[in-house]
Amino acid sequence: MPLQQHWLMKSEPDVFGLDDLQRGGTTWWDGVRNYQARNFMRDNMQVGDAVLFYHSNAKPSGVAGLARISAAATPDASSWNPDSEYFDPKSSPQAPRWWHVQVAYVSHFKRLVPLAELRDIPELADMALLNRSRLSIQPVSPAHYDIICQLGQC
DNA sequence: GCCAACGTTGGC
DNA sequence: GCCAACGTTGGC
């Protein structure tokens, strides 16, 4: 297991953007209801891992800045709260189906790196972001992370 | 707002 | 276990 891993996490800025994370300092990444994304959080993320914070459904969509994992996965209590929009009747405190990690603000890029720009870089062609459009949490290789960081003048 | 991609559900 | 129907994501 490498000391520090790298991830990309998507959020809609109209709902919760990097500005919101900066304001609060940290947040629990709740509401993820995709098994692959859950598995990354629950099984692979470690405190200190670096996160590219991606704005989806935005104008333009792209990588807005950096965050880091500040607490390892715990059960997502919204999953058994009937009043939550994320409620899942198959999840319970005794058998949690969904998990979340805590994410801390690090920095805004000096410039947002738009998706269209990432698509134009041959070295990034096999990024999950560009090929698995529906996956909201995904691992990023150190090389890809460095390229994107430089594009954002981090 | 449209719609393609694709993950999930449920009948069989 | 297959696969059609359905719902959601997310770019444009």
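Our subject in this report is the structure included herewith. (Residues numbered from 1 in each chain as written. Chains lettered and ligands numbered in written order. Predicted model: local features only at pLDDT ≥ 70, side-chain atom pairs only at ≥ 80, totals over all residues. Heavy atoms only, no water.)

### Things to note about the overall build of chain A
At step 1: The secondary structure content of chain A amounts to 6 helices and 6 strands.
At step 2: Helices and strands appear in chain A in the N-to-C order β-α-α-β-α-β-β-β-α-α-β-α.
At step 3: The C-alpha atoms of chain A give a radius of gyration of 15 Å, which matches the 15 Å a tight globule of 154 residues would have.
At step 4: The C-alpha extent of chain A, read off along each of the three principal axes, is 45 × 35 × 30 Å.
At step 5: Counting every position in chain A, which comprises 154 residues, the buried fraction comes to 45%. (Helix = DSSP H or I, 4+ residues; strand = E, 2+ residues; numbered from the N terminus. Rg over C-alpha atoms; globule rule 2.2 N^0.38 Å. Buried < 20%, exposed > 50% of the residue type's maximum accessible area, 1.4 Å probe, protein only.)

### Let's talk about the sheet that holds strand S6 (residues 137-139)
At step 1: One open sheet holds the 6 strands; their spatial order is S2-S5-S4-S3-S1-S6, and the pairing between them is mixed. At either margin of the open sheet sits one strand with a lone partner, and together these are strand S2 (26-28) and S6. Adjacent strand axes in the sheet meet at a mean angle of 35°, parallel and antiparallel pairs treated alike.
At step 2: Across 3 bridges, the pairing between S2 and strand S5 (residues 99-114) is antiparallel. Residue Thr27 lies in a different strand from S5, and its bridge partner there is Val103.
At step 3: Against the sheet, helix H6 (residues 142-151) contacts strand S1 (6-11), strand S3 (50-55), strand S4 (62-75) and S5, and its axis sits at roughly 45° relative to S5. (Pairing = 2+ DSSP bridges. Axes fitted to C-alpha atoms, helices over the stretch in contact; angles between N-to-C directions. Contact = heavy atoms within 4.5 Å.)

### Here we look at the protein's contact with DNA strand C
At step 1: Near DNA strand C the following residues occur: Lys10, Tyr54, Ser56, Asn57, Ser61, Leu115, Arg119, Ser133 and Arg134.
At step 2: Within 4 Å of the protein, the contacting atoms of DNA strand C are 70% sugar and phosphate, with bases supplying the remainder.
At step 3: Contact distances for DNA strand C include 3.1 Å between a phosphate oxygen and a side-chain N or O atom of Lys10.
At step 4: Here Ser61 contributes a side-chain N or O atom positioned 2.8 Å from a phosphate oxygen of DNA strand C.
At step 5: Considered class by class, the residues forming the surface near DNA strand C number 2 nonpolar, 4 polar and 3 charged. (Near = heavy atom within 4 Å. Polar contact = N/O pair within 3.5 Å; in protein donor to acceptor, adjacent residues only side chain to side chain. Nonpolar A, V, L, I, M, F, W, Y, C, P; charged D, E, K, R; others polar.)

### Re the nonpolar core
At step 1: In terms of nonpolar packing, the biggest core is built from 20 residues, with Met9, Trp29, Met45, Val101, Val103 and Ile137 touching the most fellow members.
At step 2: Of all the secondary structure elements, the ones that give two or more residues to this core are S1, helix H2 (18-24), helix H3 (35-44), S3, S4 and S5.
At step 3: No other element matches the 4 residues that S4 contributes to this core.
At step 4: Counting residues in each nonpolar core, the second largest holds 19 residues, with Phe109, Ile121, Leu130 and Ile148 among its members. (Core = buried A, V, L, I, M, F, W, Y, C linked by side-chain atoms within 4.5 Å.)

### Quick look at the environment of Gln5
At step 1: With respect to the helices and strands, Gln5 occurs in the segment before S1.
At step 2: By relative accessible area, which is 14% here, Gln5 ends up buried.
At step 3: Residues Gln5 and Ala72, 67 residues apart in the sequence, show an inter-C-alpha distance of 13 Å.
At step 4: With sequence-adjacent residues up to four places away left out, Gln5 is seen in contact with Asn44, Gln46, Asp49 and Ala50.

### A closer look at the packing of aromatic side chains
At step 1: Overall, the coordinates contain 3 aromatic pairs when judged by the stated rule.
At step 2: With a centroid separation of 5.5 Å and an interplanar angle of 55°, the aromatic rings of Trp7 and Phe40 are classed as tilted. Here Trp7, found in strand S1, pairs with Phe40, found in helix H3; they are 33 residues apart in sequence, far enough to count as distant. Across the pair, exposure class does not vary: Trp7 and Phe40 are buried alike.
At step 3: A centroid spacing of 4.7 Å and a plane angle of 35° characterise the contact between Tyr35 and Trp98, whose relative ring orientation is tilted. Within this pair, whereas Tyr35 is found in helix H3, its partner Trp98 is found in the loop between S4 and S5, the two being separated by 63 residues in sequence. (Phe/Tyr/Trp six-rings, centres within 6.5 Å; stacked < 30°, edge-to-face > 60°.)

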